[in-house]
Amino acid sequence: MKVLVTGGTGYIGSHTCIQMIASGVTPVILDNLYNSKALVLDRIEEVTGTRPEFYQGDIRDSAILETIFAQHRIDAVIHFAGLKAVGESVEKPLMYYENNVAGTLNLVQAMERAGVTRLIFSSSATVYGDPASVPIRENFPTSATNPYGRSKLMVEECLSDFHKANPEWSITLLRYFNPVGAHKSGRLGEDPQGIPNNLLPFVAQVAVGRREKLGVFGNDYPTPDGTGVRDYIHVVDLADGHLAALNKVSQKAGLHIFNLGTGHGNSVLEMVAAFEQAAQKPIPYQILPRRPGDIAECWADPSYAEQQLGWKAQRSLQEMVEDTWRWQEMNPQGYQD
């Protein structure tokens, strides 16, 4: 099977490509390197012994999509390419709608022209907005509290409408919770450009000395320790979830929706304490005001994915923080030539 992976040099995309290669699936990567580096291709080759075919370009560029579909017999598309920082989306909403929404529509139109009818879309638990209760099931109402989440929800709605008009397509929406961790080798991990927007990369950069201290946004939420609670999932478990979707439902016509999470949450301070244990050093932090768009708690009911895909998150919180620390300690400045 040959699969086009948009955003394949990014954090989740690169780990998914490794799992795909290990299972005999051939990834073809399209990435504009906006939030990743070409060095990732060397690391994928180092870990797997295989160098994926790579096109540097943008999902909004119809010409490069036409080229890829003309040069390869693509069986399915896994679509990761998208902007993903909540704070940035609040400051630059049009950039998020243009890239995430218009870019996806351009990709689907190119697929339609090429006769490729199997799509797995990298969505997000942000489409549940501020849920009335937890754990969150796939049939919960959707809404959004920020432009990033709204862009994901818009794409889901566009794909749902498209599927009603084209019921022969297989479209899978994977709603992730909070990906963390890194490849066991320490050669691949999360390397955010600029100031990290996610908790664990920031904690890791404090631990390795790149940043002075962590800012904890809010300690007055209605949670056990007052800090936000999230469902953290190891990036390799998440990658395996994409493979399960590819193998189990991408050949069945339909609109398939799955939560990919662990089924329980950890608070910010619990994550800090776990990382301190893994790194054997204290992580200084300060309490800051809540961020706009943040919610108190969010974790998944992943039982439907287990039932339908035979997939379940396997890796513990300890593995998540240990793998993150190994990556950061071996690569203190991230991906450097």
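Since the structure is predicted, the reported quantities are computational estimates derived from the model, not experimental observations.

**Student:** Give a detailed account of the domain arrangement of the protein chain, specifying residues and quantitative values.
**Tutor:** Along its sequence, the protein chain is organised into domain 1 (2-180 + 232-262) and domain 2 (182-229 + 264-306 + 317-330). Each partner contributes residues to the interface: domain 1 has 39 residues there, and domain 2 has 31 residues. Where domain 1 abuts domain 2, roughly 3,100 Å² becomes buried across the two surfaces, and 61% of that area is made up of carbon and sulfur atoms. Of all residues in domain 1, Arg-43, Tyr-232 and Thr-262 bury the most surface against domain 2, accounting for 21% of the area lost on that side. Counting across the domain 1 and domain 2 interface gives three salt bridges. Put simply, Arg-187 and Glu-46 hold a salt bridge, and the shortest N to O gap is 2.6 Å. Across the contact surface, domain 1 and domain 2 share eight residue pairs in polar contact (both at pLDDT 80 or more).

**Student:** Run through the packing of helix α5 (residues 93-114) against helix α6 (residues 147-165), naming residues and quoting values.
**Tutor:** Two numbers describe how α5 lies on α6: the axes approach to 9 Å, and their chain directions differ by 25°. Of the possible angle classes, the one that applies to α5 and α6 is roughly parallel. The hand of the α5/α6 crossing is right-handed. Seen from α5, the contacting residues are Pro-93, Tyr-96, Tyr-97, Asn-100, Val-101, Thr-104, Leu-105, Val-108 and Glu-112; seen from α6, they are Pro-147, Tyr-148, Arg-150, Ser-151, Met-154, Val-155, Cys-158, Leu-159 and Phe-162. Residues of the contact of α5 with α6, tallied by class, amount to 13 nonpolar, three polar and two charged.

**Student:** Let's hear about helix α3 (residues 62-71): which residues, and what values?
**Tutor:** For α3, the full list of buried residues reads Ile-64, Leu-65, Ile-68 and Phe-69. Here the buried residues of α3 occupy an arc of 135° about the axis, which is enough to place them on one side. Relative to its buried face, α3 has exposed residues pointing more than 90 degrees away, namely Ala-70 and Gln-71. Of the surrounding secondary structure, the elements contacted by the buried residues of α3 are β1 (2-6), β2 (26-31), β3 (53-56), β4 (76-79) and α5. Its side-chain oxygen 3.0 Å from the backbone nitrogen of Ala-63, Asp-61 forms the N-cap of α3.

**Student:** Can you lay out the sheet that holds β3 for me, pointing to particular residues and giving the numbers?
**Tutor:** Ordered in space as β3-β2-β1-β4-β5-β6-β11, the seven strands form an open sheet in which the pairing is parallel. Lying at the two open borders of the sheet, with one neighbouring strand each, are β3 and β11 (254-260). If you compare each strand with its neighbour and ignore which way they point, the axes differ by 20° on average. Judged from the seven bridges that link them, strand β5 (residues 118-124) and strand β6 (residues 170-176) form a sheet pairing that is parallel. When the sheet's bridge partners are listed, Ser-124 is paired in β6 with Tyr-176. Of the strands in this sheet, β1, β2, β3 and β4 touch α3, which is tilted by about 160° from β3.

Rules used in this analysis
- Residues numbered from 1 in each chain as written.
- Predicted model: local features only at pLDDT ≥ 70, side-chain atom pairs only at ≥ 80, totals over all residues.
- Heavy atoms only, no water.
- Domains from an automatic or database assignment.
- Contact = heavy atoms within 4.5 Å.
- Buried area = accessible area lost by both parts, 1.4 Å probe.
- Salt bridge = Lys/Arg side-chain N within 4 Å of Asp/Glu carboxyl O.
- Polar contact = N/O pair within 3.5 Å; in protein donor to acceptor, adjacent residues only side chain to side chain.
- Axes fitted to C-alpha atoms, helices over the stretch in contact; angles between N-to-C directions.
- Helix = DSSP H or I, 4+ residues; strand = E, 2+ residues; numbered from the N terminus.
- Parallel < 35°, antiparallel > 145°, perpendicular 65-115°, else oblique.
- Left-handed = near helix turned anticlockwise from the far one by under 90°.
- Nonpolar A, V, L, I, M, F, W, Y, C, P; charged D, E, K, R; others polar.
- Buried < 20%, exposed > 50% of the residue type's maximum accessible area, 1.4 Å probe, protein only.
- Arc of directions from axis to C-beta.
- Pairing = 2+ DSSP bridges.

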